[in-house]
Amino acid sequence: MATFLYRLGRFAFRRRHFTALFWVALLALAGAGAAGAPAAGSSSFSIPGTEAQKAFDLLEERFPGSSADGATARVVFKAPSGEKMTDADHRKTVRNAVAELGDGSEVARVTDPYQGGGVSEDGTIAYASVSYKVSGMELEDSSRDALEGAAEDARGSGLTVEIGGDALQAVPHTGSAEIIGIGVAAVVLVITFGSLLAAGLPLITAIVGVGIGVASITALASTLDLGSTTSILASMIGLAVGIDYALFVVSRYRAELAEGREREEAAGRAVGTAGSAVVFAGLTVVIALVGLAVVNIPMLTKMGVAAAGTVAIAVLIALTLIPALLGYAGRRVRPAGEKSKLLGGGRAAGKPQRPNMGTRWAGFVVRRPLAVLLLGVIGLGAAAVPAASLELGLPDDGTQPTSTTQRRAYDLLSDGFGPGFNGPLVVVVDAKDSDDPTAVFRQAGDDIKGLDNVVSVSPAAPNKAGDTATITVVPDAKPSSVTTEDLVHDIRDTGADITAGTGADVLVTGSTAMNIDVSQKLNDALLPYLILVVGLAFLLLIVVFRSILVPLKAALGFLLSVMAALGAVVAVYQWGWLSGLMGVEETGPIMSMMPIFMVGVVFGLAMDYEVFLVTRMREAYVHGEKPRQAVVTGFRYSARVVTAAAVIMMAVFSGFIGSSDSMVRMIGFGLAVAVLFDAFVVRMAIVPAVLALLGTKAWWLPKWLDRALPNVDVEGEALRTQDDPKDEDRELVRA
């Protein structure tokens, strides 16, 4: 592989015009496709194999035209102190608002609170439900304006009016913090390279790669049903790895220049060595992201595949566009050790220098490996403790900031109708195969009324055919409570008894039941996912490092860092620690899909640092250095660059904490903390400590397996044995 990549790097350097034109044309093509494509909506949220999804599909089939997947809004009215919503003036105001709400072309139906039981027992609060024909992300601005206008008109009469539901759902945005993250990355690159031009190359190529990836996602969003969150997460991951991959290639290029090689040769060798590490690091990230398909949640699968595609583009750009731009830069990219005149010059390349920070740190670790190992493991273990209290759920209006109208509407409904009113359960009774559907509907309602923790059960509402009915159940606890989860299971147990006696199916759905089913499905999928992803990456790392214990150590270190990161997420977003500093206005359950998505991404990124750092150690070891000295050598060449890469990733991920989307916020924070733990505790402390303790055993591989494995030559051994073009030129001169 090193030889092929070496030739690719030299080709891109020589044919820089062609290479640059290819990527510019690809960016323009993707941009044109994105400009002409329909705007991304909200990806359809389906959970195959769950009871809640089965009931939802049944509603679509048996209640055609009901717009079961359409947006909904609840306009909540509260009377002034001492007055009631049943007063004549307030009745008139509400009915005028209902009439105004029903005028929109996208409105399917509006319920009058005075006819549909929408007034609280004390008469102080009432609500009108609005159902739309399209989803919240597909609503036209005119429909949202009409909704807010009707509420504002009602406020003019003295009523308190708030709006809940997903009709006001907006496309998530990341805010200006993302730009700050890129700015921090630029500063780190300048400090690392001591050159503005060398620092700019990774930023330029990363932006090109993310531009192509995000534009492609935007162009295909409508066709492939990709939600707006997909492009945000793809840009987050693509930007971070794009900068890092380019950083490693440019860094190796400058190191090759410092050894006296010509620029084209240095570019080829940089791509042949650091590029090999980039390929395998990228493969681990792609495996982790594509592996999300095993969860069998279409939205999560699409997010993973889209992000994996952006990572693949970042790898290809690092292997081709970076050497091409290095060709354009010429002598303005200086050898390692030299700084540009703009930044104050610096020592000349090749001048003896004292051991750098990486060398000194590695020397300290190999002298005290056991103490460093124990301190690192205990520290990460302590950070992981909150993860034991992890609660999963999907966000609802109750997790919104108290400054939003959605949250205020949620609180008003809780005050007027009880906490469970915001998360009603929808029971679907399929009596198509029953002899007496009406009796089955009645029995189901009566049995559910007899259960604990039930506030109310609506009469069965059959469809036109009379073979299927819906029953609305209001729990006495809030949607995210354990009590409500137990009630869902109790209703399903009751439904099983009804099925056994009558042959009718009783299914529970609704947003609350869907949340419970999603959490269960993700919990069940986590272990198979870990086995698949870690297993495949373990095999891949055996090929890269030609060792059993090094990949095993890498996987165990990942588990430590990801558990510690999950512990930090729980402490901040669930317990409320440092909530003011992190901008967390409301704590609550962790987004159900967030942990497994974070596990996939963190695993890929953890293997990035493992490959970049340990390949340098193995390179030194296979060329004759003793194990402990090889650890120090690896740190001498890689620690500075790995540190810069980690700081850049943390800066980029932290920029997404300002997003308006709760899942993006949590993932941005979780990934930033995970990189902190994995890069600076696991890879910089635990890894060298373990390698120092293992010594030669770390690189042991059974002989039969060594013969069976392909030789991918990540260390670039083939490049060391071939003649350098400089040497050929010297021989020609002598001749």
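Residues numbered from 1 in each chain as written. Predicted model: local features only at pLDDT ≥ 70, side-chain atom pairs only at ≥ 80, totals over all residues. Heavy atoms only, no water.

**Some details on the overall build of the chain**
Let me state the cut-off plainly: Helix and strand labels come from DSSP, where a helix needs a run of H or I of at least four residues and a strand needs a run of E of at least two; each type is numbered from the N terminus. Only protein chains enter the area calculation, which uses a 1.4 Å probe; residues under 20% of their type maximum are buried, those over 50% are exposed, and those in between are partly exposed. By definition in these notes, contact holds between two residues if any of their heavy atoms fall within 4.5 Å. The Shrake-Rupley method, run with a 1.4 Å probe, gives the accessible areas here. Residue values count only the displayed protein chains as cover.
Across its full length, the chain holds 24 helices and eleven strands. Looking at the chain residue by residue over its 735 residues, the buried ones come to 55%. Counted over contacts in the chain with a minimum sequence separation of 6, partners at least 24 positions apart contribute 79%. When the accessible surface of the chain is totalled, it reaches about 30,700 Å², and 58% of it is carbon and sulfur.

**Brief notes about the side chain of Thr359**
You can see Thr359 is positioned in helix H11 (residues 357–367). The contact partners of Thr359, leaving out residues within four places of it in the chain, are Val632 and Arg636.

**Here's the deal with empty space enclosed by the protein**
How we decide: Points on a 1 Å grid, built from protein atoms alone, make a cavity when a 1.4 Å probe fits but cannot get out and make a pocket when they are open with protein on both sides within 12 Å along at least 5 of 7 lines; residues with an atom within 4 Å of a point are the lining residues. Grid points are joined across faces, edges and corners, and a volume is the space filled by probe spheres set on the points. When residue character is reported, Ala, Val, Leu, Ile, Met, Phe, Trp, Tyr, Cys and Pro are called nonpolar, Asp, Glu, Lys and Arg charged, and the others, Gly included, polar.
All told, the structure shown has three cavities of 30 Å³ or more when counted by the stated rule. The space that makes up the largest cavity amounts to roughly 70 Å³. Along the walls of the largest cavity sit Thr205, Ala206, Gly209, Val210, Gly238, Gly242, Ala246, Thr310, Ala314, Ile317 and Ala318, which together make up its complete lining. A breakdown of the residues in the lining of the largest cavity according to their chemical character gives six nonpolar, five polar and no charged. What the second largest cavity holds in volume is close to 40 Å³. Lining the second largest cavity are Val602, Leu605, Ala606, Tyr609, Leu671, Ala674, Val675 and Asp678.

**Comments concerning the packing of helix H1 (residues 2–14) against helix H2 (residues 16–35)**
Defined as follows: In this analysis an axis means a line fitted to C-alpha atoms, helices contributing only their contacting stretch, and an angle means the value between N-to-C directions, from 0 to 180 degrees. Any angle between 65 and 115 degrees counts as roughly perpendicular, while under 35 counts as roughly parallel, over 145 as roughly antiparallel, and the rest as oblique.
The interhelical angle for the contact between H1 and H2, taken along N-to-C directions, is 90 degrees, at an axis separation of 5 Å. By the criterion of interaxial angle, the relationship of H1 to H2 is roughly perpendicular. Of the residues in H2, those in contact with Phe11, Ala12, Phe13 and Arg14 of H1 are Arg16, Phe18 and Thr19.

**Here's the deal with the environment of Val366**
Topologically, Val366 is positioned in helix H11. Looking at Val366, the relative accessible area reads 9%, which means it is buried.

**Topic: the confidence of the model for the chain**
Where we set the bar: Each residue carries a pLDDT score, the predictor's own confidence in it, on a scale running from 0 to 100.
For the chain, the mean per-residue pLDDT works out to 83, and 89% of the residues sit at or above 70. Mean pLDDT across the secondary structure elements of the chain bottoms out at helix H24 (residues 725–734), with 39, and peaks at helix H12 (residues 369–384), with 94. Across residues 723–735, where pLDDT falls below 50, the model places eleven contacts with residues more than four positions away in sequence or in other chains.

**Quick look at the pattern of salt bridges**
Oppositely charged side chains are able to pair whenever their charged atoms sit close together. Our working definition: Salt bridges are counted wherever a side-chain nitrogen of Lys or Arg sits within 4 Å of a carboxyl oxygen of Asp or Glu.
Scanning all chains against the criterion turns up 20 salt bridges. Among the salt bridges present, the one from Glu256 reaches Arg261, with a minimum N-O distance of 2.6 Å. Grouping residues by exposure puts Glu256 and Arg261 together as buried. With a closest N to O distance of 2.6 Å, Glu610 and Arg683 form a salt bridge. Separated by 73 residues along the polypeptide, Glu610 in helix H19 (residues 594–622) and Arg683 in helix H21 (residues 662–694) bring together distant segments of the chain. Of the two residues, Glu610 and Arg683, both sit in the buried class.

**Here's the deal with a negative patch on the surface**
So the rule is basically this: Residues qualify for a patch when their relative accessible area is over 30% and they have no salt bridge, like charges being joined within 9 Å and the nonpolar side chains of Val, Leu, Ile, Met, Phe, Trp and Tyr within 5 Å. For the charge count, each Lys or Arg is scored as positive and each Asp or Glu as negative, with His and the chain ends excluded. Note that the charge is assigned to NZ on lysines, CZ on arginines, CG on aspartates and CD on glutamates.
Among the surface-exposed residues, Asp446, Asp447, Asp452, Asp476, Glu485, Asp486, Asp490, Asp493 and Asp497 lie close enough to one another that they form a single negatively charged patch. When contributions to the negative patch are tallied by element, the ones reaching two or more residues are helix H14 (437–449) and helix H15 (482–502). Ranked by residue count, the leading element in the negative patch is H15, at five residues. Looking at the secondary structure, you find Asp486 in helix H15. By relative accessible area, which is 39% here, Asp486 ends up partly exposed.

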